[in-house]
Amino acid sequence: MNAPQPTGRLDGDDLVITRRFRAAIDDVWEGLTNPESTARWFGPWRWVDAAGPGHEIAYTMIQEEGAPEGRGVVVRCEPPRHLAIETHGDYAMSYELALAQAGDVTTLTFVHHLSDRRTAGDFGPGWEFYLDLYVHAREGRPFRKFDEYYPSQKPYYLDLADGGKSR
């Protein structure tokens, strides 16, 4: 199987990756936020203390070696359009999911706020992989393997981080 082509871009220090779905915004939101849905492609999650913005979640990353558990805080949640999360621990990061519907197409814009642009070489292929897992789960297609994304996509993202100077 051929390696998937990277699709992300950098906007300042933000890694931005987009996916489009021929589906209603509520359906796409459900697949991205419902613990039963995420358990199929990313991993299950749960509220730690109380539900809602400002509260902590615990999640299990089933695609990672050893299926580690992580924790994060839901910074903002405006169903079905916007979700912002800050994670801490080994997978500390800040990212957002924004959804917009036009006609029968819903666009997902994923934004990872990078603390260092050079980390795009690692995070870019990882998020491409996870977002494609979501696409494949929705379509009932077999999942690709992470090694189809990494390290083959790393040079693309390092070039973006370098401002295209390596071309």
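In this report, we go over the structure that sits alongside the text. (Residues numbered from 1 in each chain as written. Predicted model: local features only at pLDDT ≥ 70, side-chain atom pairs only at ≥ 80, totals over all residues. Heavy atoms only, no water.)

If you trace the eight strands from one edge of the open sheet to the other, you get 1-2-8-7-6-5-4-3, paired in antiparallel fashion. Looking at which strands have only one partner, the edges of the open sheet turn out to be strand 1 (9-11) and strand 3 (45-47). This sheet shows a mean twist of 30° between the axes of neighbouring strands, independent of strand direction. For strand 6 (residues 82-88) and strand 7 (residues 93-102), the ladder comprises six bridges, and the chain directions are antiparallel. Pairing of T87 across the sheet is with M93, part of strand 7. Sheet contacts for helix 1 (residues 25-33): strand 2 (14-21), strand 3, strand 5 (69-78), strand 6, strand 7 and strand 8 (105-113); angle to strand 7, the most-contacted strand, approximately 160°. (Pairing = 2+ DSSP bridges. Helix = DSSP H or I, 4+ residues; strand = E, 2+ residues; numbered from the N terminus. Axes fitted to C-alpha atoms, helices over the stretch in contact; angles between N-to-C directions. Contact = heavy atoms within 4.5 Å.)

Our next topic: the nonpolar core. Core analysis: the biggest nonpolar cluster contains 36 residues, and L32 and W127 have the highest contact counts within it. Within the residue set of this core, elements represented by two or more residues are strand 2, helix 1, strand 4 (56-60), strand 6, strand 7, strand 8, helix 3 (120-139) and helix 4 (154-161). A per-element tally of this core places helix 3 first, with eight residues. The contact partners of W127, leaving out residues within four places of it in the chain, are L15, I17, M93, Y95, F110 and H112. (Core = buried A, V, L, I, M, F, W, Y, C linked by side-chain atoms within 4.5 Å. Buried < 20%, exposed > 50% of the residue type's maximum accessible area, 1.4 Å probe, protein only.)

With the rule as written, the count across this model stands at 11 salt bridges. Close ionic contact of R118 with D116 constitutes a salt bridge, the shortest N to O distance being 2.8 Å. Here D116 falls in the partly exposed class, since its relative accessible area comes to 24%. Residue R141 pairs with E139 through a salt bridge whose shortest N-O separation is 2.5 Å. Since its relative accessible area comes to 40%, R141 is described here as partly exposed. (Salt bridge = Lys/Arg side-chain N within 4 Å of Asp/Glu carboxyl O.)

With that out of the way, let us pick up the side chain of T38. With respect to the element layout, T38 can be found in helix 2 (residues 35-41). The exposure class assigned to T38 is buried, which follows from its relative accessible area of 4%. In this structure, T38 is in contact with G31, L32, T33, G43, P44 and W45, ignoring residues within four places of it in sequence.

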